[in-house]
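Spelled out from the first residue to the last, the chains are:
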Amino acid sequence: MNQQISAQSQKLLLQIGRNIRRTLDLNTIWQQTVNSLGETLGVSRCILCPYESSSLQVKVAAEYCQEPFLPMLGMEISLTAAPHFLQALATLEPVVVESFAANDHFGPQSLLVVATAYQEQPNGIISLHQCKGRSSGKGNADRPWTQCQIEFAQELAEQVGSAIALATLYQERSKRVQGLSQLKKQFLLKASHELRTPLNHIIGYLQLTIDDQADDPIEERDFIQEAHRSAIHLSQVISNILDYIELSEACQTHAELATFRSQEKSGHQ
């Protein structure tokens, strides 16, 4: 049995590794994880909860669930009421639980909990359930978790933790890029307006002068002065725009340098 599970584990780990490299979508990574674990280990239920260090509760974001057991998808779980979750998050080691309240309507009889993490920082929780009434060959709730299953779940959690970190970074970067794109559009619209207004004044007053529309030399001088004032204002607007562009490029270069240094530092650790 252990050799069979081990072979399935190796095959599944390779498959999940390929899938992780194909997608940067968190929902897809979460669902692939619970489906793969649930089907391979024949458990009654497998859930995955993303975790943030500032939160006191987690939410079930993906689930594999066998009938007739109740689903937990979307359920919020308080960490203070789930000490096995806290233990897995704190130690980054697998936790087995085999003691539950008699009135627990989700019917667990044995749990295997592993935390996903990246660079020793937890970012998710995987909980595998063997439930009452389940007696299939692969998912017998009466047997304890084998060492092979525990090691497989832990190794998979390590891969998933890295995938979650990469996908999260990608999504955060995408949001920043979208935000910057929107800001650039707003800036260009405003800059276009700020440029057109004094430019139109210059063209208008010079055109009046060229067409001899002034009633006398004094009014003609007023036209030229207005065009001159608009030209000075236009020069100031252009200068402000160039300063903004230069500052934006400097900030982007600084951010890219900081990212490079951070990656270089992580690579040397």
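First, a word on what this report is: a plain description of the structure on this page.

Rules behind the numbers
For every chain, the first residue of the written sequence is number 1, and numbering continues from 1 onward in sequence order. This being a predicted model, a pLDDT of at least 70 is required before a residue's local features are given, and a value of 80 or more before pairs of side-chain atoms are given or counted; all residues contribute to the totals for chains, interfaces and linings. With hydrogens and water excluded, all non-hydrogen atoms of the structure serve as input to the side-chain values. Only DSSP runs of H or I reaching four residues or more are called helices, and only runs of E reaching two or more are called strands; each is numbered from the N terminus. Areas reported here follow the Shrake-Rupley algorithm with a probe of radius 1.4 Å; residue values treat only the protein chains shown as occluding. Given the number of residues in a helix, its expected span is that number minus one, multiplied by 1.5 Å. Three labels apply to residues, based on accessible area from a 1.4 Å probe with only protein chains included: buried if under 20% of the type maximum, exposed if over 50%, partly exposed otherwise in between. Each pair of strands is called paired provided DSSP finds at least two bridges between the two strands. Working convention: axes come from line fits to C-alpha atoms, limited for helices to the stretch in contact. Angles between N-to-C directions cover 0 to 180 degrees. Any pair of residues with heavy atoms lying within 4.5 Å of one another is described as a contacting pair. Among buried residues, those of type Ala, Val, Leu, Ile, Met, Phe, Trp, Tyr and Cys that are joined through side-chain atoms within 4.5 Å constitute a nonpolar core. What counts as a salt bridge is simple: a side-chain nitrogen of Lys or Arg found within 4 Å of a carboxyl oxygen of Asp or Glu. Here a cavity denotes grid points, spaced 1 Å and computed from the protein atoms alone, that fit a 1.4 Å probe unable to get out, and a pocket denotes an open set having protein on both sides within 12 Å along at least 5 of 7 lines; residues with an atom within 4 Å of a point are the lining. Grid points are joined across faces, edges and corners, and a volume is the space filled by probe spheres set on the points. By the convention adopted, Pro, Cys, Tyr, Trp, Phe, Met, Ile, Leu, Val and Ala count as nonpolar, Lys, Arg, Asp and Glu as charged, and the other residues, Gly among them, as polar. The scheme is simple: roughly parallel for angles under 35 degrees, roughly antiparallel for over 145, roughly perpendicular for 65 to 115, oblique for anything else. Starting at the helix axis, one direction is taken to each C-beta atom, and the arc is that of these directions.

Considerations on the overall build of the chain
Secondary structure assignment for the chain yields five helices and seven strands. Of the regular secondary structure in the chain, the N- to C-terminal order runs α-α-β-β-β-β-α-β-β-β-α-α. Here the chain has roughly 16800 Å² of accessible surface; of this, 54% comes from carbon and sulfur atoms.

Focus on helix 2 (residues 26-41)
Helix length check: helix 2 (16 residues) gives 23 Å between terminal C-alpha atoms against 22 Å at 1.5 Å per residue, within 8%. Every buried residue of helix 2 is accounted for by Leu26, Ile29, Trp30, Thr33, Val34, Ser36, Leu37, Gly38, Thr40 and Leu41. Of the residues trailing helix 2, glycine 42 is marked for its positive phi of about 60°.

A few points about the sheet that holds strand 7 (residues 121-131)
The sheet built from five strands is open, its strands ordered 3-1-7-6-5 with antiparallel pairing. Each edge of the open sheet is held by one strand with a lone partner, namely strand 3 (62-65) and strand 5 (95-97). Here the strands of the sheet are splayed against their neighbours by 15° on average, with no regard to which way each runs. Where strand 1 (residues 45-50) and strand 3 come together, four bridges link them in antiparallel fashion. Within strand 3, the position partnered with arginine 45 by the bridge is cysteine 65. Its contacts with the sheet place helix 4 (residues 147-210) against strand 1, strand 5, strand 6 (108-118) and strand 7, and it is angled at close to 40° to strand 6.

A look at the nonpolar core
The biggest cluster of nonpolar side chains holds 27 residues, and the ones touching the most others in it are Leu37, Val43, Cys46, Ile126, Leu128 and Leu156. Breaking this core down by element, the ones donating at least two residues are helix 1 (2-22), helix 2, strand 1, strand 3, strand 6, strand 7 and helix 4. Here the element with the most residues in this core is helix 4; it accounts for nine residues. Cysteine 46 has contacts with Val34, Leu37, Gly38, Ala62, Glu63, Tyr64, Ile126, Ser127 and Leu128, leaving out every residue within four places of it along the chain. Grouped together as the second largest cluster of nonpolar side chains are 21 residues, Ile47, Ala82, Phe85 and Phe106 included.

Side note on the environment of arginine 221
Relative to the helices and strands, arginine 221 is located in helix 5 (residues 217-268). Relative accessible area serves as the criterion here: at 56%, arginine 221 is assigned to the exposed category. Note: C-alpha distance between arginine 221 and threonine 209 (twelve residues apart in sequence) is 8.8 Å.

A few points about the pattern of salt bridges
Evaluation of the coordinates by the stated rule reveals two salt bridges. For arginine 45, the salt bridge identified is with glutamate 63, shortest N-O distance 3.7 Å. Here the residue arginine 45 occupies a position in strand 1, and glutamate 63 occupies one in strand 3, the gap between them amounting to 18 residues. The burial state of arginine 45 is the same as that of glutamate 63; both residues are buried. Among the ionic pairs, arginine 229 bridges to glutamate 226, the shortest N-O distance being 2.4 Å. Here glutamate 226 and arginine 229 lie together in helix 5, a separation of three residues that amounts to about one turn.

Points about the layout of surface pockets
For the second largest pocket, the calculated volume is near 400 Å³. Looking at the lining of the second largest pocket, the elements that each hand over two or more residues are strand 1, strand 4 (76-78), helix 3 (83-91), strand 6 and strand 7. Here the lining of the second largest pocket takes three residues from strand 4, the largest share from any one element. Here the residues of the lining of the second largest pocket sort into 13 nonpolar, five polar and three charged.

Some points on the packing of helix 2 against helix 4
The contact between helix 2 and helix 4 brings their axes to 9 Å, and the two run at 170°. Taken together, helix 2 and helix 4 sit at an angle that is classed as roughly antiparallel. Along the contact surface, helix 2 presents Leu26, Ile29, Trp30, Thr33, Leu37 and Leu41, while helix 4 presents Gln149, Phe152, Ala153, Leu156, Val160, Ala163, Ile164, Ala167, Thr168 and Gln171. Along the lines of polarity and charge, the residues of the contact of helix 2 with helix 4 split into twelve nonpolar, four polar and no charged.

As for helix 3
Taken as a whole, helix 3 has its buried residues at His84, Phe85, Ala88 and Leu89. Axial view of helix 3: buried residues confined to an arc of 135°, hence all on one face. Along helix 3, exposed side chains directed more than 90 degrees from the buried face belong to Pro83 and Ala90. Against strand 2 (57-59), strand 4, strand 5, strand 6 and strand 7 lie the buried residues of helix 3. Just beyond helix 3, the residue with positive phi is leucine 92, at close to 55°.

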